[in-house]
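The primary structure of each chain is shown beneath.
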Amino acid sequence: MKVLVLLAVGLAVVSAKVPGIKLHTGYEMPVIGLGTWQATGQSVRQAVKDALEIGYTHIDTAEVYKNEKEVGEGIHDAFAAGFIKREDLFITTKVWPQGSNRQKALATIHHSLQQLNVSYLDLVLIHAPLEDYANTWKGLEDAVDQKLVRSIGISNFDHRGDIDHVFNSARIKPAVNQINIHPTLNNDDAVTYSNQKGIAITGYSPLGTGGLVKNPTLVAIGKKHNKSAAQVALRWQIERHLITIPKSVTKKYIKEDFEIFDFTLTQEEIQTIHNMH
Ligand SMILES: NC(=O)c1ccc[n+]([C@@H]2O[C@H](COP(=O)([O-])OP(=O)(O)OC[C@H]3O[C@@H](n4cnc5c(N)ncnc54)[C@H](OP(=O)(O)O)[C@@H]3O)[C@@H](O)[C@H]2O)c1
Ligand SMILES: *[C@@H]1O[C@H](CO)[C@@H](O)[C@H](O)[C@H]1NC(C)=O
Ligand SMILES: *[C@@H]1O[C@H](CO)[C@@H](O)[C@H](O)[C@H]1NC(C)=O
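Conventions adopted
Residues numbered from 1 in each chain as written. Chains lettered and ligands numbered in written order. Predicted model: local features only at pLDDT ≥ 70, side-chain atom pairs only at ≥ 80, totals over all residues. Heavy atoms only, no water. UniProt positions renumbered as here; feature names shortened; annotations may be inferred. Helix = DSSP H or I, 4+ residues; strand = E, 2+ residues; numbered from the N terminus. Contact = heavy atoms within 4.5 Å. Polar contact = N/O pair within 3.5 Å; in protein donor to acceptor, adjacent residues only side chain to side chain. Near = heavy atom within 4 Å. Areas by Shrake-Rupley, 256 points an atom, 1.4 Å probe, with all protein chains shown as cover. Nonpolar A, V, L, I, M, F, W, Y, C, P; charged D, E, K, R; others polar. Phe/Tyr/Trp six-rings, centres within 6.5 Å; stacked < 30°, edge-to-face > 60°. Buried < 20%, exposed > 50% of the residue type's maximum accessible area, 1.4 Å probe, protein only. Core = buried A, V, L, I, M, F, W, Y, C linked by side-chain atoms within 4.5 Å. Expected span 1.5 Å × (residues − 1).

Novice: Explanation requested: the UniProt feature "site: Lowers pKa of active site Tyr" (unreviewed entry) in the protein in the structure shown.
Specialist: Using the residue numbers shown here, the UniProt feature "site: Lowers pKa of active site Tyr" (unreviewed entry) corresponds to Lys-94. Along the chain, Lys-94 falls in strand β7 (residues 90-95). Setting aside residues no more than four positions away along its own chain, Lys-94 makes contact with Asp-60, Thr-61, Ala-62, Glu-63, Tyr-65, Leu-125, His-127 and Gln-178. Engagement of the side chain of Lys-94 in a polar contact is seen with the backbone oxygen of Thr-61, the distance being 3.0 Å.

Novice: Can you walk me through the site of ligand 1 in this structure?
Specialist: Neighbouring ligand 1 are 28 residues, the closest being Asp-60, Ser-205, Lys-247, Ser-248 and Thr-250. Trp-37 places a main-chain nitrogen or oxygen 2.8 Å from an oxygen atom of ligand 1. Between ligand 1 and the protein, one listed contact pairs an oxygen atom with a side-chain N or O atom of Asp-60 at 2.7 Å. About the coverage of ligand 1: the protein hides 88% of its 910 Å² of free accessible area. Examining the composition of the shell around ligand 1, we find that three residues originate from one element, helix α9 (residues 251-258), more than from any other. Split by residue class, the shell around ligand 1 holds 11 nonpolar, 12 polar and five charged.

Novice: Any chance you could explain the packing of aromatic side chains here in plain terms?
Specialist: Remark: the centre distance and the inter-plane angle together describe each pair of aromatic rings, the angle taken between the planes. Applying the stated criterion across every chain yields a total of three aromatic pairs. Centre to centre, the rings of Tyr-133 and Phe-157 are 5.1 Å apart; their planes meet at 80 degrees, and the pair counts as edge-to-face. Taken together, the positions of Tyr-133 in helix α4 (residues 133-145) and Phe-157 in the loop between β9 (149-155) and α5 (160-169) put the pair 24 residues apart, joining distant regions of the chain. For the pair formed by Tyr-133 and Phe-157, the shared burial category is buried. Plain terms: the ring middles of Phe-258 and Phe-261 are 6.1 Å apart, the flat faces sit at 75 degrees to each other, and that makes the pair edge-to-face. Both residues of the pair, Phe-258 and Phe-261, belong to the buried class. Pairwise contacts between aromatic rings join Tyr-56, Phe-258 and Phe-261 into one cluster.

Novice: Explain the nonpolar core here, please?
Specialist: One broad trend across soluble globular proteins is that nonpolar side chains are buried collectively. Residues Ile-109, Leu-121, Leu-140 and Val-149 are the most contacted members of the largest nonpolar core, which totals 82 residues. The element best represented in this core is helix α8 (residues 229-239), accounting for seven residues. Excluding its chain neighbours within four sequence positions, the residues that come into contact with Ile-109 are Val-95, Leu-121, Val-124, Gly-139, Leu-140, Ala-143 and Val-149.

Novice: I would appreciate a short explanation of α4 in the present structure.
Specialist: At 3.6 residues per turn, the α-helix brings residues three or four places apart onto the same side. Compared with an ideal rise of 1.5 Å per residue, which puts 13 residues at 18 Å, α4 spans 19 Å between its outermost C-alpha atoms and is within 8% of the ideal. Along α4, the residues that are buried comprise Tyr-133, Ala-134, Thr-136, Trp-137, Gly-139, Leu-140, Glu-141, Asp-142, Ala-143 and Val-144. Taken together, the buried residues of α4 touch β7, α3 (102-116), β8 (121-126), β9 and α5. Within two residues after α4, Lys-147 carries a phi angle of roughly 60 degrees, on the positive side.

In C-alpha cells form, the structure reads like this:
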C-alpha cells in the first residue's frame, strides 16, 4: 500500500489513500483514474498494472474501447503482485446506448464483468445521450438491483435537457456525469447543473487528448511549481472538485500524472486557466 503525502490548502495531511469524492450512493470515487481509450492489447495491460503499482486506485474503460479483457488482465496482474485489492479499486465502464435497450444493457454489463473478470463494477455509465437512452438506463438500474453495479451515471450529457430527461424518469438517480473538460473547454454549465442535482463530475480528455501537454500558458504556470503542463491541467481539475482520468500507456507519464497532490494552484492561476477557453 502506497502512502501518499497530500498537501491541501497549505495544510500537510498525510493520507493513506488517494482523495475521493463521495457519491450520493455513499461510495467514494477516487479523484484520479487511469483513462484507457485508444489503449489496447499488451500495452494497456501493462499500463493498468503500472498505474496500480504507482498508487492509482481507479481505472476508466468502456465496452466500445474493446480493451476490457486486457484491462482486466492488468488488474489481475496487480492483484497477484499485491499492489491493490479489489475492495480498494474503483472500476468504471460504459454501455453504448445505440442498439441497446433495457435487456441488452444488462447483457452488456454481464459481458463487461466477464471480460474484466470481476464480480461487481463500481460505476457504469451510459456512454452518450444517443437513441433510447432512457430505456438503457432501466437496464443499468436492474444491474444495481442485482448487485452487479454499485453506482450508475451518464456521459457526454452536456445539455440540461438531456440531464433532465434521465434525472426526471430515473428510479436510481445518476451519480456521475463524465464530460469533456480541459483548460480550453471548461464546460461550466454542465458542471454547475450536474452539481445542483447532486451529480459528481468526471472530466475526460483532461490533456486535450495530448494536445495540451506543450501549451505555453500551462508550461509557464508549471515552471513556477516545478510541474509539467500536464500536471497543471490535471491539478486544475482537482481544484474544481472534479474527478480526472488522464490516459497514458507510458510509465513515466502515468507516474507524472499521479504526482499532483503536493502542490496547489493560486486563485489567479486557476482563473488564468479558466480563461483559456
Ligand atoms: N466518455 C467519453 O465519451 C470519453 C471520451 C474521451 C475520453 N474518455 C476517457 O478519458 C480518458 C482520457 O482522455 P483521452 O484519452 O482523450 O486523453 P488525455 O488523457 O487528455 O491525453 C492522453 C494523451 O496524452 C499523453 N500524455 C499523458 N500524460 C502525459 C504527460 N504527462 N506528458 C505528455 N504526454 C502525456 C498520452 O500519451 P501516451 O498514451 O502515448 O503515453 C496520450 O497521447 C480516456 O482514455 C477515456 O478513459 C471518455
Ligand atoms: C479470474 O480471476 C480469478 C481470480 O480472481 C482467476 O483465478 C481466474 O483465472 C481468472 N479468470 C480468467 C479467465 O482470467
Ligand atoms: C523538480 O521536479 C523534479 C521531477 O519531479 C524533481 O526531480 C526535482 O527534485 C524537483 N526540483 C525541485 C527544486 O524541487
